[in-house]
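Residue strings, one per chain:
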Amino acid sequence: MLVVAFLLVSTLGLVGRLGYLQLFNHREYQQQAQAEHKSTLTLTPRRGAILDRNGYPLAASVDAYDVLVDSQVWEGSVKAQQWAERLADVIDRPTQDILPDSSTREVIVGRGLDYRSSVQVRNLELSGVRLIRTSRRVYPEGNLAAPLIGFLGRDKVGLTGLEADYNDVLAGTSGSEQYDQDALGNRIPSSGGKVVEPEPGADLVLTIDRFIQRLAEKELDATIEKHKAVGGTIIVMDPRTGAILAMASRPSFDLTTLDLSDDAQTDLYRNRAITDLYEPGSVFKTITMSAALDTGRVTPDSVYEDTGATVVSGWTIVNWDYGAHGIQTATQILVKSLNTGAVWLAQQLGPDLFYEYVRRFGFGQPTGIEIVRASCRDRV
């Protein structure tokens, strides 16, 4: 009777405990079980393209595949060296770089494989090797406008140029896929769960015209070579709208064979047309002339005498050709780019009015230029 009573009490205790766990701690243990047996795979969205004003792609994304190796599978196999050699022939990497580090479960040994190479990897049927679908950036126009476009890091995030400035527009939204896994972390076939499809990024339509851009870069390269210069910049603008049709900078870098480990190239990544200061020089004569004409202080036919030199606050200013041209009109100041004529124009305005117009033209202030106009696929 004592034994029966003990077994009865023990059974009631176990049933009570089981009931307590199932009724009151159900959610906690359910979450623990899901954490052990369910995993989530992040689905990368297709990145938006960067297009010129006519819709031609300057940067676009194409389907690609990353190759992953399970270090636990390879570490315990005598065939690991043989597998690495076979895989190295396909993904074009040294064999030693493919052998995974046991400190990490899965190691990416190949990035951005095209479809043909991915099929070759799949046909090898190597244990512990799997492919993940991703994308890679391609540049149909080569290195055209490289400093302007910029480039991505390994995590597909823009690091420089428009790729960085408009990363939120281009990147899109990642998706996810849930699946079941066994005790070793291997995916169980036919166990697909909830799938949230990724939302692709929007395309970015520039005001840049690829033909004008290539012409500007060609002329810039030729001029740099002619004058043995260390660099230069050309900006082509539509005078009717202010749209930037070309923005060329040198020195530049190679988008197609980018090596971020080379510190010597770091200085090449910036867009000098945007970041570097430029002293306008004779171009500023048009600003001075505009102010003088707008105020009515001079007309295109107003005249002054060019003596070849003028003194301002103790500084002697001469013409670029060191010549004295005599009686000249305001129009001839621009035609001949006369420094003394620019001084005469500024004197007609006076310092206060002159600087007011300089400020109204925006000198010394942020331009607010965005260079591009963004266009989503479903809205303009």
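Residues numbered from 1 in each chain as written. Predicted model: local features only at pLDDT ≥ 70, side-chain atom pairs only at ≥ 80, totals over all residues. Heavy atoms only, no water.

### Quick notes on the layout of surface pockets
- Within this model, the largest pocket holds a volume of roughly 1300 Å³.
- What lines the largest pocket is a set of 30 residues, and nearest its centre among them are Ile 235, Ala 273, Asp 276, Tyr 278 and Thr 367.
- Going through the elements one at a time, strand 9 (232-237), strand 10 (244-250), helix 11 (272-275) and helix 12 (285-295) are the ones with two or more residues in the lining of the largest pocket.
- No other element matches strand 9, which puts 5 residues into the lining of the largest pocket.
- Broken down by class, the residue content of the lining of the largest pocket amounts to 17 nonpolar, 10 polar and 3 charged.
- Each pocket or cavity is described by its volume, and for the second largest pocket that value is around 1000 Å³.
- Surrounding the second largest pocket, 29 residues form its lining, Arg 136, Leu 152, Gly 153, Arg 154 and Lys 156 being those nearest its centre.
- Broken down by secondary-structure element, the contributors of at least two residues to the lining of the second largest pocket are strand 3 (57-70), strand 4 (106-113), strand 5 (129-138) and helix 9 (167-171).
- Top contributing element to the lining of the second largest pocket by residue count: strand 5, with 4 residues.
- Considering only residue class, the lining of the second largest pocket consists of 9 nonpolar, 12 polar and 8 charged. (1 Å grid on protein atoms, 1.4 Å probe; cavity = no way out; pocket = protein on both sides within 12 Å on 5 of 7 lines; lining within 4 Å. Points joined across faces, edges and corners; volume = space filled by probe spheres on them. Helix = DSSP H or I, 4+ residues; strand = E, 2+ residues; numbered from the N terminus. Nonpolar A, V, L, I, M, F, W, Y, C, P; charged D, E, K, R; others polar.)

### Regarding the nonpolar core
- One finds Ile 50, Ile 149, Leu 206 and Phe 253 to be the most contacted residues of the largest nonpolar core, which totals 23 residues.
- Elements that contribute at least two residues to this core include exactly strand 3, helix 7 (146-149), strand 8 (204-206) and strand 10.
- Per-element tally for this core: the top contributor is helix 7, with 3 residues.
- Ignoring sequence-local partners within four residues, the contact set of Phe 253 consists of Asn 143, Ala 146, Pro 147, Phe 151, Leu 258, Gln 265, Leu 268 and Tyr 269. (Core = buried A, V, L, I, M, F, W, Y, C linked by side-chain atoms within 4.5 Å. Buried < 20%, exposed > 50% of the residue type's maximum accessible area, 1.4 Å probe, protein only. Contact = heavy atoms within 4.5 Å.)

### Focus on the packing of helix 4 (residues 80-91) against helix 6 (residues 115-124)
- Remark: helix 4 packs on helix 6, axes separated minimally by 9 Å, with the N-to-C direction vectors making an angle of 165°. Relative to helix 6, the element helix 4 lies roughly antiparallel. Between helix 4 and helix 6 lies a crossing of right-handed hand. Along the contact surface, helix 4 presents Arg 86, Leu 87, Val 90 and Ile 91, while helix 6 presents Ser 117, Gln 120, Val 121 and Leu 124.
- In the contact of helix 4 with helix 6, the residues fall into 5 nonpolar, 2 polar and 1 charged. (Axes fitted to C-alpha atoms, helices over the stretch in contact; angles between N-to-C directions. Parallel < 35°, antiparallel > 145°, perpendicular 65-115°, else oblique. Left-handed = near helix turned anticlockwise from the far one by under 90°.)

### A short note on a nonpolar patch on the surface
- Side chains of Val 3, Phe 6 and Leu 7 sit close together on the surface and give an oily, nonpolar patch of about 340 Å² of accessible area.
- Checked against the element boundaries, Leu 7 lands in helix 1 (residues 2-24). (Patch = residues over 30% accessible without salt bridge, like charges linked within 9 Å, V, L, I, M, F, W, Y side chains within 5 Å. Areas by Shrake-Rupley, 256 points an atom, 1.4 Å probe, with all protein chains shown as cover. Salt bridge = Lys/Arg side-chain N within 4 Å of Asp/Glu carboxyl O.)

### Observations concerning the packing of aromatic side chains
- Per the stated rule, a full pass over the model turns up 7 aromatic pairs.
- Ring geometry for Phe 151 against Tyr 269: centres 4.9 Å apart, planes inclined by 70°, an arrangement best described as edge-to-face. One end of the pair, Phe 151, is in the loop between helix 7 and helix 8 (161-165); the other, Tyr 269, is in the loop between strand 10 and helix 11, with 118 residues separating them in the sequence.
- Seen in terms of ring centroids, Phe 284 and Phe 354 are 6.4 Å apart; in terms of plane orientation they differ by 70°. Their pairing is edge-to-face. Of this pair, Phe 284 sits in the loop between helix 11 and helix 12 while Phe 354 sits in helix 15 (residues 351-360); the two residues are 70 residues apart in sequence, bridging distant segments of the chain.
- Using a relative accessible area of 15% as the deciding quantity, one classes Phe 354 as buried. (Phe/Tyr/Trp six-rings, centres within 6.5 Å; stacked < 30°, edge-to-face > 60°.)

### Digging into the pattern of salt bridges
- Enumeration over the complete set of coordinates arrives at 15 salt bridges.
- We note a salt bridge from Asp 63 to Arg 46, for which the minimum N-O separation is 3.0 Å. Placement of the pair is Asp 63 in strand 3 and Arg 46 in the loop between strand 1 (38-43) and strand 2 (50-51), with a sequence separation of 17 residues.
- Taking relative accessible area as the criterion, Arg 46 reaches 36% and is therefore assigned partly exposed.
- A salt bridge links Arg 210 to Glu 141, with the nearest nitrogen and oxygen atoms 2.7 Å apart.

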